[in-house]
Amino acid sequence: MLRCTLGPRAGPVHRGRQISTRGRPGPPRFQRGSCANVSTNSTVQAAWDHLKSLPKPTLADLFAADPARLETFSTRLELGEEAGGDGIRFDWSKTHLDAAHIAGFDALAAARDFAGRRAALLNGEKINNTEGRAAEHTAQRGVGRESSVEEAMALHGRTKALVEAIHEGALGPIHHLIHIGIGGSALGPALAIDALARHGAHVHVHVVANIDGCALEAALAKADPETTLIAVASKTFTTIETMTNAHSALNWLKEAGVEDPYGRVVALTASPDKAVEWGVDETRVLPFPESVGGRYSLWSSIGFPVALALGWDGFTEFLEGAAAIDRHFASAEGAENLPLRAAYGDQFYSRLMGCQTRACFAYDERLALLPDYLQQLEMESNGKAVTFDGAPVDGPTSAITWGGVGTDAQHAVFQLLHQGTHVVPVDFITSIAPGHDLDPAHHRILLMNCFAQGAALMAGRHSDDGARSYPGNRPSATMLIDDLSPGTLGALIAFHEHRTFANAVLLGINPFDQFGVELGKEIAKSIEKGGAQFDPSTTALLAEAGLSA
Ligand SMILES: O=P(O)(O)OC[C@H]1O[C@H](O)[C@H](O)[C@@H](O)[C@@H]1O
């Protein structure tokens, strides 16, 4: 049973009990220009200055100097029975973090009031200061402010009832679900479905995001209107791509002669009134709270396609996997805290070594969509130019996240990783158990290649022939999953959410808004309205495409 609330600061998480946050010391944390910020800034600056002054030994030297390095930096986390009983090893030993840098980053985290910000996140305080909102995705997994957890559980009950009714045939035989959404309303469902629902799914789910009709057309071609349900997933229920695709999907049902086309639509949204206004019956509107951000919404009713495909027990295990990470994140301190340790590594490479990108390679075909998911999570959250008090940032914020799937990527982009002039910190993610029943040789070779790449990046190999020389000393981290399951996938995603948050705290930025996406949308609307003036290039492009006002 998912139920867990959280104490005010770094204390342990107490299942089913909320500890009062009253009396939490310190001034309000998000006031603009307060004295507290001035003193914090100088402490932060001192922490960075110290970090920049530290020597940077090579990876080989770090291993040679510290026999306990592996034990210190490679940690296995058990997720617990409710999350399926598996564990994940987080091996950060092939990064350049060492005791001196960990101490330096601990000082930075203290200067940024990491413990206070974490407590504020998990207690449902309005930490998204630019939008005056909390960020309560963890409450969807049962960890957070008691009233928010209760609300989440009630809403999950509604989703569960609909999922089970559909499985029992209440809407007639349903074999396909066209899930329509974009950004945070699509990337999570697409990842989870591709990872977990390849075999034995109750319903075939097709995720459609792009406004380009080719996307919807391809999905519709795979489905039979008589046995297809449409999920319209949109936090705002106004996004033009989603509403246009939803309209066309509804027309597809109508044109096929489906008797009650609106009866085949489910809405997943934080704006239930808009969904009802659009025509969805209230009984098939699955709301989620405004305090759940779009790119953090997979755990809410946006996860409906996952629950429909896996069944409710599978979805519960997914939430439990994430909750196991929440509890770890809430209680572990310093570099023992795995998302925070990962953020220390991210900041090391970004701020101290000038690495502009970071790469994630899943050595698991089922996680092929993970880099896409992480791109939105990390770049939309932390691609910011001001701190949370509105001041310009003093260095790079989010790295550019990119990646791919192993072994394919080895034969395409790894040349640059091994010998290029950019140093790219790499994450490898793989599963000990295979996801298929073919010859075990497939999986053995996959795993050997994954581990070989990390070893080669670190060791390098000198040659007097420069073209054949590998510099080595190139960092990587490895996440080794026992088995890819709803529980481990939930944990993996939650780990990255908290890693992203921890990076934001170290940078002093708000990871929960995304104003950067608005300007382009406004300009597209003004083109549609007509009469707007543009630069000569845009004007000429519009004219040539027949779009001039
Ligand atoms: O869920 P919706 O309201 O339709 O929003 C879908 C997406 O669009 C926006 O532009 C944001 O960039 C995303 O964070 C969001 O997930």
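About the criteria used
Residues numbered from 1 in each chain as written. Predicted model: local features only at pLDDT ≥ 70, side-chain atom pairs only at ≥ 80, totals over all residues. Heavy atoms only, no water. Pairing = 2+ DSSP bridges. Helix = DSSP H or I, 4+ residues; strand = E, 2+ residues; numbered from the N terminus. Axes fitted to C-alpha atoms, helices over the stretch in contact; angles between N-to-C directions. 1 Å grid on protein atoms, 1.4 Å probe; cavity = no way out; pocket = protein on both sides within 12 Å on 5 of 7 lines; lining within 4 Å. Points joined across faces, edges and corners; volume = space filled by probe spheres on them. Nonpolar A, V, L, I, M, F, W, Y, C, P; charged D, E, K, R; others polar. Polar contact = N/O pair within 3.5 Å; in protein donor to acceptor, adjacent residues only side chain to side chain. Contact = heavy atoms within 4.5 Å. Parallel < 35°, antiparallel > 145°, perpendicular 65-115°, else oblique. Left-handed = near helix turned anticlockwise from the far one by under 90°. Phe/Tyr/Trp six-rings, centres within 6.5 Å; stacked < 30°, edge-to-face > 60°. Lys NZ or Arg CZ within 6 Å of the ring centre and 35° of its normal. Near = heavy atom within 4 Å. Sits in = over half its atoms within 2 Å of the grid points. Core = buried A, V, L, I, M, F, W, Y, C linked by side-chain atoms within 4.5 Å. Buried < 20%, exposed > 50% of the residue type's maximum accessible area, 1.4 Å probe, protein only. Salt bridge = Lys/Arg side-chain N within 4 Å of Asp/Glu carboxyl O. Expected span 1.5 Å × (residues − 1). Arc of directions from axis to C-beta.

**Looking at the sheet that holds strand β13 (residues 476–481)**
Read from one edge of the open sheet, six strands run β2-β3-β13-β12-β10-β11, paired in mixed fashion. The sheet terminates laterally at β2 (74–78) and β11 (400–405), the two strands that pair on one side only. The average undirected angle you get between the axes of adjacent strands in this sheet is 15 degrees. Where β2 meets strand β3 (residues 87–91), five bridges bridge the pair, whose relative direction is antiparallel. Bridged to glutamate 78 within β3 is glycine 87.

**Observations concerning the layout of surface pockets**
Space inside the largest pocket adds up to approximately 1,200 Å³. Around the largest pocket, the lining is made up of 41 residues, and of these Thr236, Thr239, Val517, Glu518 and Lys521 lie nearest the centre. Within the residue set of the lining of the largest pocket, elements represented by two or more residues are α9 (240–255), α14 (370–382) and α18 (518–529). Examining the composition of the lining of the largest pocket, we find that six residues originate from one element, α18, more than from any other. Taken together, the residues of the lining of the largest pocket sort by class into 14 nonpolar, 15 polar and twelve charged.

**Points about the side chain of asparagine 503**
Mapping asparagine 503 onto the fold places it in helix α17 (residues 486–507). Here the side chain of asparagine 503 touches aspartate 346 through a polar contact of 2.8 Å, side chain to side chain. Beyond its immediate chain neighbours, meaning those up to four positions away, asparagine 503 contacts Ala343, Asp346, Gln347 and Asn382.

**Structural notes on the packing of helix α5 (residues 114–122) against α17**
Running from N to C, α5 and α17 cross one another at 130 degrees; their axes reach a closest spacing of 10 Å. Here α5 lies oblique to α17, going by the angle between them. The crossing of α5 and α17 is right-handed. Facing α5, whose interface residues are Phe114, Arg117, Arg118 and Leu121, α17 presents His498, Phe501, Ala502 and Val505.

**Topic: the packing of aromatic side chains**
Applying the stated criterion across every chain, the model contains 18 aromatic pairs. Taking 6.2 Å as the distance between ring centres and 75 degrees as the angle between the ring planes, the aromatic pair formed by phenylalanine 237 and tryptophan 278 counts as edge-to-face. Pair noted here: phenylalanine 237 is in the loop between β7 (228–233) and α9 and tryptophan 278 is in helix α10 (residues 272–278), with a separation of 41 residues, a long-range link. Each residue in the set Phe114, Tyr296, Phe329, Phe501 and Phe512 is aromatic and connected to the rest through ring pairs, giving one cluster. Between arginine 69 and the ring centre of phenylalanine 63, over which it is positioned, the NZ or CZ distance is 5.5 Å. Note that arginine 141 overlies the ring of tryptophan 299, its terminal NZ or CZ placed 4.5 Å from the centroid.

**Comments concerning empty space enclosed by the protein**
On inspection of all chains with the given rule, the structure shows two cavities of 30 Å³ or more. Estimated volume of the largest cavity: approximately 190 Å³. Forming the walls of the largest cavity are 18 residues, and the residues nearest its centre are Asp346, Arg358, Ser398, Ala399 and Asn503. At the level of secondary structure, the elements contributing two or more residues to the lining of the largest cavity comprise α13 (338–352), β10 (357–363), α14 and α17. Counted as a void, the second largest cavity has a volume near 90 Å³. Secondary-structure elements contributing two or more residues to the lining of the second largest cavity are α13, β12 (426–431) and β13. Counting residues per element, the lining of the second largest cavity draws most heavily on α13, which supplies four residues.

**Quick look at the sheet that holds strand β5 (residues 176–180)**
Sheets are built from strands that pair by backbone hydrogen bonding, the pairs being arranged parallel or antiparallel. The strand order across the open sheet formed by five strands is β6-β5-β7-β8-β9, and the pairing between neighbours is parallel. If you trace the sheet from one side to the other, it starts and ends with β6 (204–208) and β9 (285–287), each paired once. Between one strand and the next, the sheet's axes are offset by a mean angle of 20 degrees, whatever the strand orientation.

**Re the site of the ligand**
Around the ligand, the structure places Ile182, Gly183, Gly184, Ser185, Ser234, Lys235, Thr236, Thr239, Gln376, Glu380, Val517 and Lys521. Taking serine 185, its side chain carries an N or O atom lying 2.7 Å from an oxygen atom of the ligand. Here an oxygen atom of the ligand sits 2.6 Å away from a polar atom, N or O, in the side chain of glutamate 380. Here the ligand is seated within the largest pocket.

**Observations regarding the nonpolar core**
Counting 97 residues, the largest nonpolar core has Phe90, Phe105, Phe304, Tyr344, Leu367 and Leu489 as its most contacted members. It is α17 that contributes the most residues to this core, ten residues altogether. The residues touching leucine 367, leaving out its near neighbours within four places in the chain, are Leu191, Ala195, Ala362, Ile429, Leu484, Leu489 and Leu492. Listed in part, the 22 residues of the second largest apolar core include Ile178, Ile180, Ala267 and Val285.

**Considerations on the pattern of salt bridges**
Within the structure shown, the criterion is met by 22 salt bridges. For glutamate 131, the salt bridge is made with arginine 133, and the minimal N-O distance between the two is 3.9 Å. Residue glutamate 131 is classed as partly exposed on the basis of its relative accessible area of 27%. Measuring nitrogen to oxygen at the nearest pair gives 2.8 Å for the salt bridge that ties aspartate 513 to lysine 384. Here aspartate 513 is found in the loop between α17 and α18, whereas its partner lysine 384 is found in the loop between α14 and β11, with 129 residues between them in sequence.

**Side note on α13**
Look at α13: 20 Å from first C-alpha to last across 15 residues, which is about the 21 Å you get at 1.5 Å a residue. Most of α13 is tucked away, with 15 of its 15 residues classed as buried.

**Focus: the packing of α5 against helix α12 (residues 312–331)**
In contact at an axis separation of 10 Å, α5 and α12 are set at 145 degrees when each is read in the N-to-C sense. Between α5 and α12, the contacting residues are Phe114, Arg118, Leu121 and Leu122 on the first element and Phe329, Ala330 and Ser331 on the second. Here the contact of α5 with α12 is built from residues that sort into five nonpolar, one polar and one charged.

**A closer look at helix α8 (residues 213–221)**
Turning to α8, its buried residues are Leu216, Ala219 and Leu220. Angular distribution of buried residues about the axis of α8 spans 100 degrees; they occupy a single face of the element. Away from its buried face, by an angle of more than 90 degrees, α8 presents the exposed residues Cys214, Glu217 and Ala221. The secondary structure elements touched by the buried residues of α8 are β5, β6 and α9.

Taken by themselves, the reported measurements are silent on function.
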